[in-house]
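As a plain string of letters, each chain reads:
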Amino acid sequence: MTTSTESGITPPAVVTDHGRRAPARRKRKDGLAALAFLSPSIVTFLVFVFAPTVGVLYLSFYDWNLLSDGEFVGFDNFDRLVHDGRLLDVYGSTTYMALVILAVNVVVGLLLAVLLETRMPRWLRGFFRLSFLFPFVVSASAVALIWRFLLNKDLGLVNYLIGLTGAGRIDWLGSSAFAPVSVIVVNSWKTIGFSILVYIAGLQSIPDQLKEAAIVDGANAWTRFWRITFPLLSPTIFFLVVINTINSFQIFAEPRVLTQGGPGDASRTIVEYLYDRAFGDFDLGYASAIGITFMLVLIVLTAIQFRLSRRWTFYE
């Protein structure tokens, strides 16, 4: 077809081979750049998450004591799980401590964060924030060791202060009733700073205009919190529920240092029980089976939380 610019007709665009390839090359370069940036995370995941998980799954089908050659036993290790009554007790103690720790971090953490966001001198607000966050950055073993001396029945500072009120001494670490409470208190004291920090970030992201409009409309403090703060803070709450659920079910250092899981299995956790089976009894196959099932339990719990979050989580 012949065209002429003199006649006012614009010649049709000619799409060359080079023009078609340019977007494809650009996409390929962008993909390679993205892969380069993601490669450290991908390598870390493959080396420290995927490969160990596959290894544990492989070991769960073997009877291996670290010294001799492993013997393939099929699903025998998983069959042992069903008949291990002690494992059920440990799951019970773990669930009890994990749920209380979760409630403390999510509920008490929210209350403290709201209080820290009230009007107070800047230096005082900074002091409280640092005070709550400092235990979180300290080693869990060091925190548990310090609290082990504080909760000592005869020489501990806690029982000394209780004695000033005229009450008797409490066996915090040797009683089946108070040993789990000790683990809950120590772990909550250490981890609540993270929840407070995340809550503060969420509270500061809420526009002040909404709160001011509610005040103009005559809403009191509770109404403003329930109708404005909580809905806008719900994604933050959901994030902390998921993270704290996973972390609280995996506690190890606190019960190990404070009570060694005792008395009996009153304060023993699944991770601690798994560790004892693997490196105390040298039963790597059975410990791997416990680890696999425990991972599946956490995955199911997380999936349920994501499912239920659709009913109460509000996204702008």
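Source: prediction; values computed, not measured. (Residues numbered from 1 in each chain as written. Predicted model: local features only at pLDDT ≥ 70, side-chain atom pairs only at ≥ 80, totals over all residues. Heavy atoms only, no water.)

Enquirer: Describe in detail the overall build of the chain, supporting the description with residues and values.
Expert: Helix and strand counts for the chain stand at twelve helices and two strands. Going residue by residue from the N terminus, the α and β elements of the chain occur as α-β-β-α-α-α-α-α-α-α-α-α-α-α. For a compact globule of 316 residues, the expected C-alpha radius of gyration is about 20 Å, and the chain comes in at 28 Å, more than 25% above that figure. Across its three principal directions, the C-alpha atoms of the chain cover 105 × 70 × 35 Å. (Helix = DSSP H or I, 4+ residues; strand = E, 2+ residues; numbered from the N terminus. Rg over C-alpha atoms; globule rule 2.2 N^0.38 Å.)

Enquirer: An account of the nonpolar core is needed here, citing residue identities and associated values.
Expert: Side chains of nonpolar character tend, in soluble globular proteins, to be buried together. Ranked by internal contacts, the top residues of the largest apolar core, which has 20 residues, are V106, A113, I196, Y199, L233 and I237. Of all elements in the fold, only α3 (85-116), α7 (179-204) and α9 (221-249) reach the threshold of two or more residues within this core. The element best represented in this core is α9, accounting for seven residues. The residues contacting V106, other than those within four sequence positions of it, are Y199, I237, L240, V241 and N244. Within the second largest apolar cluster, 14 residues are counted, among which are M97, I184, I251 and L258. (Core = buried A, V, L, I, M, F, W, Y, C linked by side-chain atoms within 4.5 Å. Buried < 20%, exposed > 50% of the residue type's maximum accessible area, 1.4 Å probe, protein only. Contact = heavy atoms within 4.5 Å.)

Enquirer: Please give an account of the confidence of the model for the chain that cites residues and values.
Expert: Regions with low pLDDT carry predicted coordinates that are not meant to be interpreted in detail. Per-residue confidence for the chain gives a mean pLDDT of 87; residues scoring 70 or more make up 93%. Looking at the elements of the chain, mean pLDDT is at its lowest for helix α8 (residues 208-216), recorded as 83, and at its highest for helix α12 (residues 284-309), recorded as 94. Note on residues 1-7: pLDDT is under 50 here. Beyond four places in sequence and across chains, it has four contacts. (pLDDT = per-residue confidence, 0-100.)

Enquirer: I'd like a rundown of a negative patch on the surface, residues and numbers included.
Expert: Taken together, the side chains of D63, E71, D76 and D79 present a region of like negative charge at the surface. Inspection of the secondary structure assignment puts D76 in helix α2 (residues 76-83). Given a relative accessible area of 45%, D76 falls into the partly exposed group. (Patch = residues over 30% accessible without salt bridge, like charges linked within 9 Å, V, L, I, M, F, W, Y side chains within 5 Å. Areas by Shrake-Rupley, 256 points an atom, 1.4 Å probe, with all protein chains shown as cover. Salt bridge = Lys/Arg side-chain N within 4 Å of Asp/Glu carboxyl O. Lys, Arg positive; Asp, Glu negative; His and termini not counted. Charge placed at Lys NZ, Arg CZ, Asp CG, Glu CD.)

Enquirer: I'd love a proper account of the packing of aromatic side chains, names of residues and values included.
Expert: Using the criterion set out here, one finds 17 aromatic pairs in the structure. Here the aromatic rings of F75 and F78 are separated by 6.1 Å at their centres, their planes lie at 50°, and the arrangement is tilted. Grouping aromatic residues by their ring pairs yields a cluster made of W222, F225, W226 and F230. The ring centre of Y286 lies 3.9 Å from the NZ or CZ of R80, which sits over that ring. Sitting over the face of the ring of Y273, R277 holds its NZ or CZ atom 4.7 Å from the ring centroid. (Phe/Tyr/Trp six-rings, centres within 6.5 Å; stacked < 30°, edge-to-face > 60°. Lys NZ or Arg CZ within 6 Å of the ring centre and 35° of its normal.)

Enquirer: Could you give an account of unusual backbone geometry, with specific residues and numbers?
Expert: Trans peptide bonds make up most of the peptide bonds, and negative phi angles are found at most residues other than glycine. Geometrically, the link from G262 to P263 is a cis peptide bond, its omega value of -5° lying close to zero. Looking at the element boundaries, P263 is found in the loop between α10 (253-258) and α11 (270-280). The backbone phi angle of L66 is positive, close to 75°, even though this residue is not glycine. Within the fold, L66 resides in the loop between β1 (62-63) and β2 (71-72). Phi at Q260 is positive, roughly 55°, even though this residue is not glycine.

Enquirer: So what about the pattern of salt bridges? Which residues, and what values?
Expert: When the charged atoms of two side chains with opposite charge come close together, those side chains can pair. In the structure shown here, the tally under the stated rule is ten salt bridges. The shortest N-O distance in the salt bridge between R86 and D265 comes to 2.8 Å. With R86 in helix α3 and D265 in the loop between α10 and α11, this residue pair connects regions lying 179 residues apart in the sequence. The exposure class assigned to R86 is partly exposed, which follows from its relative accessible area of 34%. Residue class for D265 comes out buried when judged on its relative accessible area of 18%. Between E272 and R268 there is a salt bridge whose closest N-O contact spans 3.8 Å. Owing to a relative accessible area of 8%, R268 belongs among the buried residues under this scheme. One network of salt bridges, in which partners are shared, links R86, R256, D265, R268, E272 and D276.

Enquirer: Mind laying out a nonpolar patch on the surface, listing which residues take part and the relevant values?
Expert: Taken together, L32, L35, L38, I42, V43, F45, L46, V47, F48, V49, F50 and V54 make up a surface patch of nonpolar side chains, about 1100 Å² in accessible area. By secondary structure assignment, the location of L32 is in helix α1 (residues 17-59).

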